[in-house]
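# Tertiary structure, described
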Amino acid sequence: MRRYKTAVVFVIMLVVAVTVIFGVINRDKATEYKDIDLYFFNMDSSTFVAVKTNITVKDGKNLPEEIVNELIKGPSEKKYNPIMDKTVTVNSIRNSGGNLTVDFSEEYGKTGMLTSYAVIKSLSQLQDITAVKVTVNGKEIENGDGGTLGFITGDEINLESDDDCATGINLYFADADMKKLVKEYRKINITDTQPVEQYIVYELIKGTSGENRQNLLASNTRIISVETTDGTCYVNFKHDFIDKNIATLDKERLVIYSIVNSLTERSDVKNVQFLIEGKKTDKFGEMSISDLFTRNEALIDHD
């Protein structure tokens, strides 16, 4: 009987020990990181915002890999928009002395630079990461100025909520009669590494805040990128830009020149080239928009 009790006690102790060991192993395999900031687009996709997220690292994966997977999966709340399509995959993630390189599949190339800034901002919060570079099939991403993004630190990317990155811009909206363009001055907070020109187009889409002015661009207009090279600003819209914004010839002219005149307020912008999904297109309703556009002072109401 005594031997039986001893055996029972031994079995119980063995079960407890095994449970503890497996608990430790499972704990090592599944580590939860709370309140990780993942950056997704806001409701109108004009900028990205921090979304607190709990991430569980398991099955031998590392934290950067899980963060990127969560970014591809997208936000769980409907008030945020994903920064990339779910068809994007990760080729590799390499950490060299704190410089992290994330190489995405070809599908990532359809995104704009703002997506890369969101990826970089999400990953650069990790303690062992100094700077982050995003590539597509091993090729570096162009920055619109003839160079590449390269390695960027999280501190180089400000959010709209940062108080020290405000800048003034001039925007052009339609007058009350929809015949002329009127200027509206606005102060906005910009991301350091995102072109100001891209913010200008976003603000035009958001619409006017003044009286006796009318919006021209549809509020659900979507852009891919706005980049300036050698004095020419390339405004790259999604495929449905034309369907959402065509109207009468007079209004179409105002739509185009509200963009052109707003962008050419910038001293480094001399011309504007409109693109649809990265390609020139001829017809915008009754207008041709395949050629370069220059500033049109005649359409501005200077009174």
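All of the points below concern the structure found in this document. (Residues numbered from 1 in each chain as written. Predicted model: local features only at pLDDT ≥ 70, side-chain atom pairs only at ≥ 80, totals over all residues. Heavy atoms only, no water.)

### A word on the sheet that holds strand S4 (residues 99-104)
By way of backbone hydrogen bonds, the strands of a sheet pair with one another, either parallel or antiparallel. This is how the line gets drawn: Strands pair, by our definition, only if DSSP identifies at least two bridges between them. Strands are runs of DSSP state E lasting at least 2 residues, helices are runs of H or I lasting at least 4, and numbering of each runs from the N terminus. When checking whether two residues touch, look at their non-hydrogen atoms; a contact exists if any pair is within 4.5 Å. Working convention: axes come from line fits to C-alpha atoms, limited for helices to the stretch in contact. Angles between N-to-C directions cover 0 to 180 degrees.
The strand order S3-S4-S5-S6 describes an open sheet built from 4 strands, whose pairing is mixed. Two strands bound the open sheet, and with one partner strand each, they are strand S3 (90-96) and strand S6 (139-140). Relative to S4, S3 runs antiparallel, the two sharing 6 bridges. Opposite serine 96, over in S4, you have asparagine 99 as the bridge partner. Sheet strands in contact with helix H2 (residues 63-73) are S3 and S4, and its direction is about 145° off that of S3. Relative to the sheet, helix H3 (residues 113-123) contacts S4 and strand S5 (131-136), its axis offset from that of S5 by approximately 140°.

### Quick word on the sheet that holds strand S10 (residues 223-229)
Spatial ordering of the open sheet is given by S10-S11-S12, a layout of 3 strands whose pairing is mixed. Edge positions in the sheet fall to S10 and strand S12 (271-276), since each has one partner strand and no second. For this sheet the average axis-to-axis angle between neighbouring strands, irrespective of direction, equals 15°. Sheet topology places S10 next to strand S11 (residues 232-237); 6 bridges connect them, and they run antiparallel. For threonine 229, the partnering residue across the bridge sits in S11 and is threonine 232. On the sheet, helix H4 (residues 196-206) packs against S10 and S11 and is oriented at approximately 140° with respect to S10. The strands that helix H6 (residues 249-263) touches are S11 and S12; relative to S12, the one it contacts most, it runs at about 130°.

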